[in-house]
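Structural characterization, general
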Amino acid sequence: MELENIELVATEEIEKCDDLDQLNETRVKYLGKKGLIQGFMSKMRDLSNEERPKFGALVNKIKAAIEERIKIAQEKLEEKKINKKLESEAIDVTLPGYKFNTGVIHPLMQTIEEIEDLFIGMGYEIAEGPEVEEDLYNFELLNLPKDHPARDMQDTFYINPNVLLRTHTSPVQARTMQAKQGKPIKVICPGKVYRRDDDDATHSHQFMQVEGLVLGKDISLADLKGTLLEVAKKVFGNEREIRLRPSFFPFTEPSVEVDVSCFKCNGKGCSICKNSGWIEVLGAGMVNNNVLKMNGYNPDEIQGFAFGIGVERFTMLKYGIEDIRNFYLNDQKFLNQFKGVK
Ligand code: FA5
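First, a word on scope: everything that follows refers to the structure included in this document.

Criteria and cut-off values
Counting restarts for each chain, with residues numbered from 1 along the sequence as it is written. Restriction of local features to residues with pLDDT of at least 70 applies here, the model being predicted, together with a cutoff of 80 or more for giving and counting side-chain atom pairs; totals for whole chains, interfaces and linings are based on all residues. Computation of side-chain values covers all heavy atoms of the structure but excludes hydrogens and water. Two strands are counted as paired when DSSP detects at least two bridges linking them. We count a stretch as a helix when DSSP gives it H or I for four or more residues in a row; a strand needs E for two or more, and each element gets its number in order from the N terminus. Lines are fitted to the C-alpha atoms to define the axes, a helix being fitted only along its stretch in contact, and any angle between axes, read from their N-to-C directions, falls within 0 to 180 degrees. Type-normalised accessible area, obtained with a 1.4 Å probe on protein chains alone, sets the label of each residue: buried when under 20%, exposed when over 50%, and partly exposed for intermediate values. Positive charges are assigned to Lys and Arg, negative charges to Asp and Glu, while His and the chain termini are left out of the count. We define a salt bridge as a contact between a side-chain nitrogen of Lys or Arg and a carboxyl oxygen of Asp or Glu at a distance within 4 Å. The contact rule is simple, with two residues in contact once any of their heavy atoms fall within 4.5 Å. Whether a residue is near a molecule or strand depends on its heavy atoms: it is near if one of them lies within 4 Å of it. Polar contact is the term for a pair of N or O atoms within 3.5 Å; when the atoms are in protein, one must be able to donate a hydrogen and the other to accept it, and sequence-neighboring residues count only if both atoms are side-chain atoms. Using a 1.4 Å probe, the Shrake-Rupley method yields the accessible areas, and only the shown protein chains count as cover for residues. Gly is put with the polar residues, along with every residue not named as nonpolar or charged; the nonpolar set is Ala, Val, Leu, Ile, Met, Phe, Trp, Tyr, Cys and Pro, and the charged set is Asp, Glu, Lys and Arg.

**A word on the sheet that holds strand E2 (residues 132–134)**
The sheet built from 3 strands is open, its strands ordered E2-E4-E3 with antiparallel pairing. Pairing within the sheet leaves two strands with one partner each, and these edge strands are E2 and strand E3 (158–160). On average, each strand axis in the sheet is inclined to that of its neighbour by 35°, with strand direction left out of account.

Structural data, given as C-alpha cells:
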C-alpha cells in the first residue's frame, strides 16, 4: 500500500468496525509492532539523510491521524455497547403491575388475636398445653375422677384409657398451677379442642377455646363478672345483649355460663339459637377448692376464677355467620370476606 493512501483506507476500515473487537484488530493491523505504519518506519533506513526527516514527519502525522480516528471510533462503540445494555435492561414503569393474590388471616385467628390483645392489655400472660393430653390433666386434676357422671358432658376421643384429645383448654389450668407452685397466676390459653359432638350449625367435633385463669388474694365473683362483661362488650359492641346464667362445672363453684343475644333473630328465637334467643359463648366460675388443693394451692390463702371462651361462637356472633362449618370448609369466597378486617 502506498503511504499516501494509507490514511484513507484505514479510515474506511475503522468506520466499518461494528464492535470493539473488530476495532482492536484494525488497530493492530495499522499501529501494531508488526503493523503497516511500523513497516513504513523501517523503510526509513533506506532513505537519504535529506529525505528521512520529511518522510518520518509524514509517517508520524499519518500515525497520529489514525490513532485519533481509532480513539473516536472506540468512544462511539463503547457508548453503543452501554446503550445496548441499558436498552436490554429498560423497564416500562407505566405498565400495570402483576396482581398478587394475598392470603387472609383466618377469621378464627383474627378473633383469637383480638382476645389475646385484650387480655394482654389487662396484664395476662399466654400459656400453652398439648392437644394430645393425659386423662389426669383433662379430667382428674379438675375434680373429675374416673367414672364421674359429669365426664359425659364432654364426649371424648380416647387414644388409650389414659390419653385423649383434650376436650377443653382447662387442662392448661392444672398444668399452669403445677408449674407456678402456689404463686399468683394470670394467664390465657388459646387452642384447639376435640369432642365427639354431632356437627350442626353451632357445634363442631373440633373447635377452639381460649381458657383464662386468675389466682390471687381476694379474687371474687365480682372480678369474674367484670372481666367477662368487659370482654363481651369489647368484642360484640353495645348492640348485643349479654346475660350470665348459673350453671355447673365440676372444676368451678359457683359456675356460670355467658350467653349473647342471637345475631340472627335478635333474641326472638330462630333455628340458629334453637328458639332460645340466646347463644352460649363461654363457661366460667370460681375455681373449685378441690382443684386448688389437688394442684398445690391453699384455698384459705388464694382464690380465683377461670373461664373457657368458645372462639367459633364468638366469631359467629361478631360477624353474623350462620353455620360453624363455614370455618372449616376453606371456601375462598367465605374467607376473602375477612380480608382487611384486621
Ligand atoms: C368448657 O369447656 C369448660 N372447660 C369451660 C370452663 C372453663 C368453665 C373454666 C369453667 C371454668 P363448655 O363445654 O360449656 O365448657 O364449653 C365452653 C364453650 O365452648 C361453650 O360455651 C361454647 O361456646 C363452646 N363449645 C362447646 N362445645 C362446642 C362445640 N361442639 N362446637 C363449638 N363450640 C363449642
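**Some points on the side chain of Arg195**
Relative to the elements of secondary structure, Arg195 occurs in the loop between strand E5 (185–194) and strand E6 (206–216). Look at Arg195: it is buried, it has no salt bridge, and the nearest opposite charge is Asp197 at 4.7 Å. Apart from residues lying up to four places away in sequence, Arg195 is in contact with Gln154, Asp155, Phe157, Thr167, His168, His205, Phe207 and Gln209.

**Considering helix H7 (residues 171–180)**
Within H7 the residues assigned to the buried category are Pro171, Val172, Gln173, Ala174, Thr176 and Met177. Positioned one or two residues after H7, Gln181 has a phi angle of 45°, which is positive.

**Observations regarding the site of the ligand**
Close to the ligand lie 27 residues; His168, Ser170, Arg195, Asp197 and Glu280 are nearest. In the model, a nitrogen atom of the ligand is placed 3.0 Å from a nitrogen or oxygen of the Ser204 main chain. Compared with its free state, where it exposes 670 Å², the ligand has 96% of that area covered by protein. For the shell around the ligand, the elements supplying multiple residues, two or more each, are E6, strand E8 (252–261), strand E9 (278–287) and strand E10 (303–310). A per-element tally of the shell around the ligand places E9 first, with 5 residues. The class makeup of the residues in the shell around the ligand is 9 nonpolar, 12 polar and 6 charged.

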